[in-house]
Amino acid sequence: NLVGGMDLKLATSRFQKNKNLAFTLFGLISDTPGKKDNNTSWGADIAYPNDFLNFSLGHYEVGENFVAGIGFVPRTGVKASYGNISVGPRPDKWGILQIKTGAGFNYITNFDNVMVTRVLNIQPLGIRFKSGEEFSYSLNQQYEFLTKDFPIFSGFVIPKNEYTFWYQNVLLTSAGSRNLAGILSLGSGNFYNGRKQDLKLTVNYKVAVPLFIGGNYSVNHVTLPEGDFTAKIYQVNMNILVSPTITLYNYFQYDNASERAGWQSRFQWILKPGNEIILAWTSGWTQPGNQWIMNDSALRLKLKYNIRF
């Protein structure tokens, strides 16, 4: 498999004297035996990321036969348009740094222009406090067109059909500057032909320079007509931050659906901004019996050089 492509980004911080504005364009093509047509991907977006008014609008397409190789593509054979807008006044009262409210959308079709996914996101309230803590409440409507049965969990299948469902979420975030910090997310709502409640908890602990340990726990309880199940994901980070330019990240994950564990270790050396050396190790583990067995692994070297003009 061979993948090639180009990116273009035009950005300024002087639009209307002091505003940020950016335009991004990318194009990719893959060459894989047996997949010669519909093997391209491209996209573009424009962003206006500013303090009071923040919006973006974009579009991308991924061909059915586009293969990323060592990269990752969540969905092929789609055309997607997306956008969001928010406003963030600063009241300077009651310890509040900023209040945000906004909305966004994601509209996905296949190459026959049949809608397969539509997500509408509304955030009526988001608050950032001067202490660094944050609170937000969001409401989502999602549409999914399943062209075939969807095996979502062992023994559970969602039948092919059209589904529209609502979901709400509350997010609490503590200040990241604290030695012990965390994020708590609580959600509930309809889910295809059933219901779902989920909890996500993140805890980060700055043990001492240069050691950082973090953990994530995610649990989703889903109720369907044929019964219910609980999906769990466990994640652990152990990072060594030798200096701002030399870091070693370790990431471990296990989930009870696939009953697989994964480990990624990434060494990054920033020679100067834009020029980097990355050495990454990934491996997957299964437990067919009483013993864990590594059944796949890879070691990759990435060199990045940035030309500025």
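Residues numbered from 1 in each chain as written. Predicted model: local features only at pLDDT ≥ 70, side-chain atom pairs only at ≥ 80, totals over all residues. Heavy atoms only, no water.

**Student:** Can you help me understand the overall build of the protein chain in this one?
**Tutor:** Helices and strands together make up the secondary structure of the protein chain, namely zero helices and 19 strands. Classification of the 309 residues of the protein chain by burial places 27% in the buried group. In the protein chain, the proportion of contacts linking residues at least 24 apart, taken out of those at least 6 apart, comes to 39%. For the protein chain, the separation between the mean place of its 29 positive charges and that of its 21 negative charges on side chains is 10 Å. (Helix = DSSP H or I, 4+ residues; strand = E, 2+ residues; numbered from the N terminus. Buried < 20%, exposed > 50% of the residue type's maximum accessible area, 1.4 Å probe, protein only. Contact = heavy atoms within 4.5 Å. Lys, Arg positive; Asp, Glu negative; His and termini not counted. Charge placed at Lys NZ, Arg CZ, Asp CG, Glu CD.)

**Student:** Would you explain the side chain of S138 in this entry?
**Tutor:** Take S138: it is sitting in strand β8 (residues 134-145). With sequence-adjacent residues up to four places away left out, S138 is seen in contact with N121, I122, Q123, P124, Y167, Q168 and N169.

**Student:** So what exactly am I meant to see when it comes to the environment of I293 here?
**Tutor:** Note that I293 resides in strand β19 (residues 293-304). Spatially, the C-alpha atoms of I293 and R260 are 10.0 Å apart, while their sequence positions differ by 33 residues. Excluding anything up to four places from it in sequence, I293 contacts G284, W285, T286 and P288.

**Student:** Just checking my understanding: could you explain the environment of P225 for this structure?
**Tutor:** Structurally, P225 is set in the loop between β14 (211-224) and β15 (227-241). For the pair P225 and I158, spaced 67 residues apart in sequence, the C-alpha separation works out to 9.5 Å.

**Student:** Please explain the nonpolar core as it appears in this structure.
**Tutor:** Where a protein is soluble and globular, its nonpolar side chains tend to be buried together. Counting eleven residues, the largest nonpolar core consists of L146, F153, F156, I158, Y163, F165, F191, Y192, V222, L224 and F229. At the level of elements, β10 (156-158), β11 (162-173) and β14 are the ones that each hand at least two residues to this core. Apart from residues no more than four positions distant in its own chain, F191 is found in contact with I152, I158, F165, K196, V222 and L224. (Core = buried A, V, L, I, M, F, W, Y, C linked by side-chain atoms within 4.5 Å.)

**Student:** Would you explain the pairing of β8 in this entry?
**Tutor:** In summary, the side chains of a regular strand alternate between the two faces of the sheet. Relative to β8, strand β7 (residues 115-129) runs antiparallel, the two being bridged by ten bridges. When the sheet's bridge partners are listed, R128 is paired in β8 with E134. Hairpin remark: β7 followed by β8, antiparallel, with four residues in the connecting loop; positive phi at G132, about 110°. Relative to β11, β8 runs antiparallel, the two being bridged by twelve bridges. (Pairing = 2+ DSSP bridges.)

**Student:** Just checking my understanding: could you explain the packing of aromatic side chains for this structure?
**Tutor:** Any two aromatic rings considered together are summarised by their centre-to-centre distance and by the angle between their planes. If you walk through the whole model with that rule in mind, you get 15 aromatic pairs. Pairing F165 with Y192 gives two aromatic rings, centres 5.0 Å apart and planes at 40°, and the pair type is tilted. Separated by 27 residues along the polypeptide, F165 in strand β11 and Y192 in the loop between β12 (180-191) and β13 (194-208) bring together distant segments of the chain. Using a relative accessible area of 5% as the deciding quantity, one classes F165 as buried. (Phe/Tyr/Trp six-rings, centres within 6.5 Å; stacked < 30°, edge-to-face > 60°.)

**Student:** What is the right way to look at the side chain of Q268 in this model?
**Tutor:** Considering the arrangement of structural elements, one finds Q268 in strand β17 (residues 260-272). Those residues in contact with Q268 that sit more than four places away from it in its chain are T245, I246, T247, Y249, E276, I277 and I278.

**Student:** Would you mind going over the pattern of salt bridges with me for this structure?
**Tutor:** Oppositely charged side chains can pair when the atoms bearing their charge come close. Tallying each qualifying case throughout the model produces six salt bridges. K130 is the salt-bridge partner of D92, the closest N and O atoms lying 2.8 Å from each other. Taken together, the residues span a long stretch of sequence, with D92 in the loop between β5 (78-87) and β6 (96-109) and K130 in the loop between β7 and β8 at a distance of 38 residues. Exposure class is identical for D92 and K130. Each is exposed. Ionic pairing is found between K196 and D198, a salt bridge with its closest N-O pair at 3.9 Å. (Salt bridge = Lys/Arg side-chain N within 4 Å of Asp/Glu carboxyl O.)

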